[in-house]
Amino acid sequence: MKKIQFIASLFLFSLIMGCASAKKETLVIKQNFNNDWKFSLGESYPSNAISFDDSSWRKLDLPHDWSIEGKSEKNNSSGGDGGFFPTGMGWYRKTFSVPVQWKNQKTAIYFEGVYMNAEVFVNGKLVGIQPYGYTSFEYDLTPYLKFGQQNTIAVKVDNSKQKNSRWYSGSGIYRHVWLKVKNPIHIKNWGVGISTPEVTNEKAKVQVKTIVKNETASSQSILLATNITNKKGRAVANTDIKIELQPNEEKELTQNLAVENPALWSLETSNLYTANIKIKQGNRDLDVITKDFGIRTIEFSAENGFVLNGKKIELNGGCVHHDNGALGAAAYDRAEERRVELLKAAGFNALRTSHNPPSEAFLDACDRLGMLVIDEAFDGWKTKKTTYDYTSNFDKWWKHDVESMVLRDRNHPSIIMWSTGNEIIERKEPAAVETAKMLANAVRNIDATRPVTSAMTTWDKLWEIFDPLMAAHDVAGYNYQLHHAESDHGRVPSRIIVQTESYPKDAFSNWNLVQKHNYIIGDFVWTGMDYLGESGIGRYVYPGETAGEPWEANLYPWHGTYCGDVDLTGWRKPISHYRSMLYNNNEKIYMAVREPNPESGAIKLTTWAVWPTWESWTWPGHEGKNIEVEVYSKYPKVRLYLNNKVIGEKETGLGQEFKATFAIPYASGELKAVGLQNNKEVESVLLKTAQQAAKVKLTADRNEITANGQDLSYITVEITDDKGILDPNAANQLTFNLSGAGVIVGVDNADLKDTDLYVANTRKAWHGRAIVIIKSTKESGAINLEVTAQGLETAIVKLKTIK
C-alpha cells in the first residue's frame, strides 16, 4: 500500500504543478483518501452544503468507528446485541483539490465499507446511497466536480435505527476510502475475473475475463495486454488482443494463458501470482490494473469430501465476526492481518465470515497466510430478526449486494465457498427455497467455480422438511445439527455437509464425525475468536449472577461474547489447544486447571460455554482442597507430577477423547505433565506458582512499524513476580504513557464485563494480562511506551517508525 500511495501522490503533485501533460502521459491514480476528514456526531443541518462551516468539527483519519469511542451503557438502544455501545448518526466532510487536467478523465470515489445507510454528497449534490454497511461501493464523481478548484465531499452515516444487527456493527466509515482517476477508456471496477480451470503439476490454464469500457463519444481501437508474474516478479505468461469499442460500449473479453510448472496455492505454501492488465492505445497505457491470484484446484463430493490440489482437507473452521476488539469495527490492515495470524496459530485452517462480507485486507491476509474462507453475504433474507435489519432492504438491494460481494472477492484463492445466508427465519416456508435458488443463481452467474452454501438450523424436532432448501445449495450448511448427518446421508447420499456452526464443548464429537465420513467436510466452531455484541454468549455464571442466555435477560455489564477459542487480547484459551490437537500434529501435550467453584455455590455454564480453565497453578486460599487438572494429549498416556512427586498416570487415547483429568489437593510449587510413549517420558509441560506480583512485562508483536498513520503494534502487558512468572490473579490498574511518533488507539484486557473505555490510557489487568494498541503517525522516529501500576516496577518498551 505504501508504494501505491507514494506513486499516486507523485502523480497528483505533478498534475497540480502543471508538470504533467495528459496528452503525453498516462493518468492512472488510485490514491488513498483516508486522511484529513472532519467528523461530527449527530445531525448538523445542512452538513452537505459547500458553505457549511465545519471549522469546529473534529479532525481525523479513516478508518473510524465512533461507537467504540463511546461507553457501553445498560440502556443504550443497541442493547446486548450491539454490546450496549452508542450508535446514532454522524457526518464526515473533506475538502480536496481537483486539477484542471482531470477534466477529460473519469474520477471516482471508492468506499470499502460504511456502516450504515451511507449518503454521499459532492459539492452539495447527492451522488448515491448505500444502505448495507458491509458492501463496498464506487461512485463516479466526474459530473459533480469543479475542476481547478476546491471541492467538498460529505458523507452522512445513519446507524440510529436500532436494533439493526444481532452483533456489534460499529458506526462510521470503518474501512478504507480511495480516490480513483482514470482515462474514459478503462477497465471497469471489479471488472477482472481470474480462474484456473485446468491445473496439473506441469501446466496451468489461467483464464482472465476483463470488462473494458469506452466512455467516449467515438469508436476506439485498443489493445488489451495481460502479463502474469510470479512472486519474484518474473514474467511467466503474457497475451494480448486487439479490439474495437463502439461509443459508450462495455465489453467483456476472455484471455487464456498457460503457466508452466505452476507453484500452487495451498494452506502450507500460499503462492501468489500477479496479473498485470493494461489497456494500450498506440504507445500509451490508458489503464492498468494489477490483481493477485492463486493457482489451485478445489473439488467437493460426498464420496471424497473437500479436495484441495488433489489432497483431501478436513476443515477445522472458526466463525468470525468483523470487529477488532478494542478497535471496534475499524479495519486497519494490520489488525485484519493479525486476526488471521492468531487464528492460523490457533490451528484453524478455515474461517467463515459470519454474517457479512469481510474487509479486503482480511481476505488479502488469508491469501498470503494460507487460510480457507467461506465468504458470507447476509444474516437474513425476507423475515426480520431485529426491527431494522437487512430485511427492509432485501427486495430492492439483494442483487446489488450479492453481486458486489462476488465481483469484489472472486479472485481470492482463499475463498472456497460462497454463503448466501444464516439461520433464515422463513426456512420452513416453500418461498424460502425459491429465494435460495435466486441467490445461488446470482452467485453462479458470476462465479461457477465455487459451491454455494448457507447455514441452516432448527430449534425443534423438524429437520427433514429442510431437504428441498438444502437441495437448492451445493453444500448443506448445518448449524448445531451435525448429529443428524448420518441419518441424513442414508436418506440423501449425495449431500455434502459442512457444520457451519457448533458449540465449543462438542469439539471431539464433531471431529470424530468428520473423521468417519467423507461427506462431512468439516466443522466451524462458534467462534474462532471472542467478539463484541451478542453480550453474554459463552459466559459462565457465578453464584448470585443473573442466569440465562442473552435473549432472556439484559446481562449488562457483559458487552461481548466469550465463546471464542482466542480472546480479545490474542490469548489462546485451553479449548483452542484441545481443538487444534484434534486436527493438527504440531502440539501433542497441554495442561490447564479448572477454576474451582467458589464457597458460595457452583459455577453454571450457558449453552456456548466451556468450564473456565486457566494456565495457572496459583490458587491461594485453596491449599489442601482438591483442584481438577486437565491434560490434553496425543500421547497414549500422561503422567502428572507435583513438586517432583508422581501424582498419577492416565491413558489419553481416542477412547479417552485425548483428555485426562486429575483431582489433586492444591499445594503451591511446580505442576508437571509428561507425555508417555512406550512407557517412556517424551515431552512435558509446566505450570509454576507465582509469588507476589512485582513487575510489568511488555512484549511488542512488532518493534518497527511504518510511519503512514495506519500501521499498528500490539503490546502485550503481563504482570509477573520477580522471577518473571505470570500472576494469573493480578488485576492491577495500569496506566499507559506514550511519547514519540505514535498514538494509543485501543486498550483491552479480554474481560467482557469490564466496561472501562477501550479508547483510553488506562486499563485494569485481567488474569494478569492486558494489551495496548499503538498506531504510527506520519512521522518517522521513536515511540516510547511506559506502563506503570502502583506497587509494581515500571516497564518501558521502545518502538520505531520508518517511512
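Remember, predicted model here, so these are calculated numbers, not experimental data.

A. Structural context of the overall build of the chain. In terms of helices and strands, the chain carries nine helices and 49 strands. Judged by the C-alpha coordinates and their principal axes, the chain covers about 90 × 65 × 50 Å. The 803 residues of the chain split such that 60% are buried. When the accessible surface of the chain is split by element, carbon and sulfur atoms take 48% of a total near 31300 Å².

B. Molecular detail of the sheet that holds strand β10 (residues 177-182). If you walk across this open sheet you meet the four strands as β1-β10-β5-β8, and the pairing is antiparallel. The sheet is open, and its two edges are formed by β1 (29-32) and β8 (137-140), each paired on a single side. The average angle at which neighbouring strand axes cross in this sheet is 20°, direction not considered. Pairing of β1 with β10 involves four bridges; the strand directions are antiparallel. Opposite I29, over in β10, you have V181 as the bridge partner.

C. Molecular detail of the pairing of strand β45 (residues 742-748). Counting buried residues along β45, six of its seven residues qualify, which places the element largely inside the surrounding structure. The pairing of β45 with strand β47 (residues 769-776) spans six bridges and is classified as antiparallel. Residue pairing for β47: V747 is matched across the bridge by V772.

D. View of the packing of helix α8 (residues 507-516) against helix α9 (residues 574-583). Their axes nearest at 10 Å, the elements α8 and α9 cross at an angle of 15°. The orientation of α8 relative to α9 falls into the category roughly parallel. Considering only the axes of α8 and α9, their crossing is right-handed. Taken together, the residues of α9 that come into contact with α8 (itself represented by A507, F508, W511 and V514) are Y578, R579, L582 and Y583.

E. Structural view of the environment of G648. Topologically, G648 is positioned in strand β37 (residues 645-651). G648 sits in the buried class, given a relative accessible area of 17%. The spatial distance from the C-alpha of G648 to the C-alpha of A673 is 9.9 Å, given a sequence separation of 25 residues. Setting aside chain neighbours within four positions, we find G648 in contact with V638, R639, L640 and F662.

F. Structural detail: the nonpolar core. In terms of nonpolar packing, the biggest core is built from 99 residues, with F300, F306, L315, L372, F378 and I521 touching the most fellow members. The biggest single contributor to this core is helix α5 (residues 430-446), with seven residues. Setting aside residues up to four positions removed in sequence, F378 forms contacts with Y132, H355, Y390, F394, W398, D401, V402, T420, G421, N422 and L439. Judged by nonpolar contacts, the second largest core, of 47 residues, contains F85, A330, L568 and I664.

G. The side chain of S165, seen in detail. Mapped onto the fold, S165 is located in the loop between β9 (149-159) and β10. Here S165 falls in the buried class, since its relative accessible area comes to 10%. A polar atom in the side chain of S165 sits 2.9 Å from the backbone oxygen of W167.

H. Focus on the side chain of R495. Its place among the elements puts R495 in the loop between α7 (485-491) and β27 (497-501). Those residues in contact with R495 that sit more than four places away from it in its chain are A302, D467, M470, A476, Y478, D488 and Y519.

I. Structural view of the sheet that holds strand β46 (residues 762-764). An order of β42-β49-β48-β44-β46 is seen for the five strands of this open sheet, with the pairing classed as mixed. A single partner strand is all that each edge strand has here, and the edge strands are β42 (704-706) and β46. Averaged over neighbouring strand pairs, the angle between their axes works out to 25° when direction is ignored. Relative to strand β49 (residues 795-802), β42 runs parallel, the two being bridged by three bridges. Paired with I705 across the strands is T801, a residue of β49.

J. The arrangement of the pattern of salt bridges in detail. Under the definition given, this model contains 57 salt bridges. One salt bridge connects R594 with E628, and the closest N-O pair in it is separated by 2.8 Å. Of this pair, R594 sits in strand β32 (residues 589-594) while E628 sits in strand β35 (residues 626-633), and the two are 34 residues apart along the sequence. Where E718 meets K697, a salt bridge forms, and the shortest distance between an N and an O atom there is 4.0 Å.

K. Layout of the packing of aromatic side chains. Across all of its chains, the model carries 41 aromatic pairs by this definition. Both rings, one in F378 and one in Y390, keep their centres 4.6 Å apart while their planes meet at 20°; by these two values the pair is stacked. Placement of F378 in the loop between β23 (372-376) and α4 (391-409) and of Y390 in the loop between β23 and α4 is noted, with a sequence separation of twelve residues between them. Both residues of the pair, F378 and Y390, count as buried. Ring geometry for F508 against F658: centres 6.3 Å apart, planes inclined by 65°, an arrangement best described as edge-to-face. Here the residue F508 occupies a position in helix α8, and F658 occupies one in the loop between β37 and β38 (659-665), the gap between them amounting to 150 residues. F508 gets classed as buried once you look at its relative accessible area, which sits at 11%. On the accessibility criterion, F658 (11% relative accessible area) is buried. Of the aromatic side chains, those joined through ring pairs into one cluster are Y115, Y132, Y134, F378, Y390, F394 and W398. Between the NZ or CZ atom of K180 and the centre of the ring of Y110, over which it lies, the distance is 4.5 Å. Of note, K650 hangs over the ring of F662, and the distance from its end group to the ring centre comes to 5.1 Å.

Calculation rules
- Residues numbered from 1 in each chain as written.
- Predicted model: local features only at pLDDT ≥ 70, side-chain atom pairs only at ≥ 80, totals over all residues.
- Heavy atoms only, no water.
- Helix = DSSP H or I, 4+ residues; strand = E, 2+ residues; numbered from the N terminus.
- Buried < 20%, exposed > 50% of the residue type's maximum accessible area, 1.4 Å probe, protein only.
- Areas by Shrake-Rupley, 256 points an atom, 1.4 Å probe, with all protein chains shown as cover.
- Pairing = 2+ DSSP bridges.
- Axes fitted to C-alpha atoms, helices over the stretch in contact; angles between N-to-C directions.
- Parallel < 35°, antiparallel > 145°, perpendicular 65-115°, else oblique.
- Left-handed = near helix turned anticlockwise from the far one by under 90°.
- Contact = heavy atoms within 4.5 Å.
- Core = buried A, V, L, I, M, F, W, Y, C linked by side-chain atoms within 4.5 Å.
- Polar contact = N/O pair within 3.5 Å; in protein donor to acceptor, adjacent residues only side chain to side chain.
- Salt bridge = Lys/Arg side-chain N within 4 Å of Asp/Glu carboxyl O.
- Phe/Tyr/Trp six-rings, centres within 6.5 Å; stacked < 30°, edge-to-face > 60°.
- Lys NZ or Arg CZ within 6 Å of the ring centre and 35° of its normal.

Limitation: the analysis is restricted to geometry and does not speak to function.
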